[in-house]
Amino acid sequence: MEILKTVSEMQAWSDNIHQKGNQICLVPTMGYFHEGHLSLMEKGKKICSDLVVSLFVNPTQFSENEDLDSYPANIERDVKLAEKKGVSVIFMPDKKEIYPDRFQTYVELTELPAHLCGLSRPVHFRGVATVVTKLFNIVKPDVAVFGSKDFQQLQIIRRMVKDLNYNIKIVECPIVREDDGLAMSSRNAYLSPEQRLSALCLSKSLEKAEAMIEKGEIRTSTVKKELENYIKSFPFTKIDYISICDPETLDEIGDINSADTACPLLIAVAVYVGKTRLIDNRIINPGQ
Ligand code: PAF
């Protein structure tokens, strides 16, 4: 496995792979690997002979009041784990390599970020879209793998690939969970043992919502109110959002009428547990 740190080295490596007629899969990450990341690598390795994992904690997707400075890191461990997964290259640029002095070009979507996480994290998706665009131009992948825990991110990347005519196949990987249902996240490392128990409110509230809708509840306001009371019953929690929306547009859905029942719905939640902001989601098909 090679560790490449500069844009020119990475681009030259990718050109060489393509010249040989091979395909490249990219797994973009911010490091501190957990089973979720490893499942993205496994998926990528099955699709392409050459797998590149980028490891870059992207400053432009954090607001000033967020956890950029304390974002967990363990590069040595990450390198070992990636090697075990058969990764060909870890692309690990430093900040100046990605954002040189006088950097001023950003990629911004007009609609999808105005929902869910974008409402409380106003610069987040501009930062994500910008860095992923740059990674696409630097790594030149044929395929890129993203997890569906960040469902809004996944939809934004899919839209961006269409809008900017990237010839890159976006592959989705399901959420990987701890045994008790908590969605894996690098930020779970911030939780105290008591907060860790409260964090279960996210996955459990999604199960609850699905059960209510399956039993015939069509008023999304009733489902959301129930979830709100449920989540508030867990100590240390503060709700950012509870959403029942169209997975394509992310527009909120009012009552689930017969026209909607044929379509999948996205139930998504974001909750602060102490100072840690966690997200989770589930797609349901009420008509089935
Ligand atoms: O999902 C992440 O870890 C990040 O948002 C990504 C896609 C690596 C961009 O920095």
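**Student:** Could you give an account of the overall build of the chain, with specific residues and numbers?
**Tutor:** When its secondary structure is counted, the chain shows ten helices and nine strands. Whereas a compact globule of 288 residues would reach a radius of gyration of roughly 19 Å, the chain reaches 20 Å, a difference of no more than 12%. In the chain, buried positions account for 52% of the 288 residues. Long-range pairs, those at least 24 residues apart, make up 73% of the contacts in the chain between residues at least 6 apart in sequence. Distance between charge centroids for the chain: 2 Å, based on 35 positive and 40 negative side chains.

**Student:** Before we move on, could you go through the site of the ligand and cite the residues and values that matter?
**Tutor:** In the neighbourhood of the ligand, the contacting residues comprise Pro 28, Thr 29, Met 30, Asn 58, Gln 61, Val 128, Val 131, Asp 150 and Gln 153. Gln 61 is positioned such that a nitrogen or oxygen atom in its side chain is 2.6 Å from an oxygen atom of the ligand. A distance of 2.7 Å separates an oxygen atom of the ligand from a polar side-chain atom of Gln 153. Calculation on the ligand without its partners gives an accessible area of 290 Å², and the protein chains cover 88% of this total. Elements supplying a minimum of two residues to the shell around the ligand: strand E2 (24-29) and helix H6 (124-139). Here the shell around the ligand is composed, by residue class, of four nonpolar, four polar and one charged.

**Student:** Go over the sheet that holds strand E8 (residues 265-273) with me, naming the residues and quoting the values.
**Tutor:** A sheet is described by the order of its strands in space; here three strands give the open sequence E7-E8-E9, paired in antiparallel fashion. Lying at the two open borders of the sheet, with one neighbouring strand each, are strand E7 (237-245) and strand E9 (276-284). Going across the sheet, the axis of each strand differs from the next one's by a mean of 10 degrees, ignoring polarity. When E7 meets E8, the two strands line up antiparallel, connected through eight bridges. Paired with Thr 237 across the two strands is Val 273, which belongs to E8. Where helix H10 (residues 220-232) meets the sheet, it contacts E7 and E8, and its direction lies at approximately 160 degrees from that of E7.

**Student:** Give me the environment of Lys 208: which residues, what numbers.
**Tutor:** Position of Lys 208 relative to the elements: it lies in helix H9 (residues 200-214). It is 8.6 Å that separates the C-alpha atoms of Lys 208 and Val 223, two residues lying 15 residues apart in sequence. Excluding its chain neighbours within four sequence positions, the residues that come into contact with Lys 208 are Glu 226, Leu 227 and Tyr 230.

So, how was this worked out
Residues numbered from 1 in each chain as written. Predicted model: local features only at pLDDT ≥ 70, side-chain atom pairs only at ≥ 80, totals over all residues. Heavy atoms only, no water. Helix = DSSP H or I, 4+ residues; strand = E, 2+ residues; numbered from the N terminus. Rg over C-alpha atoms; globule rule 2.2 N^0.38 Å. Buried < 20%, exposed > 50% of the residue type's maximum accessible area, 1.4 Å probe, protein only. Contact = heavy atoms within 4.5 Å. Lys, Arg positive; Asp, Glu negative; His and termini not counted. Charge placed at Lys NZ, Arg CZ, Asp CG, Glu CD. Near = heavy atom within 4 Å. Polar contact = N/O pair within 3.5 Å; in protein donor to acceptor, adjacent residues only side chain to side chain. Areas by Shrake-Rupley, 256 points an atom, 1.4 Å probe, with all protein chains shown as cover. Nonpolar A, V, L, I, M, F, W, Y, C, P; charged D, E, K, R; others polar. Pairing = 2+ DSSP bridges. Axes fitted to C-alpha atoms, helices over the stretch in contact; angles between N-to-C directions.

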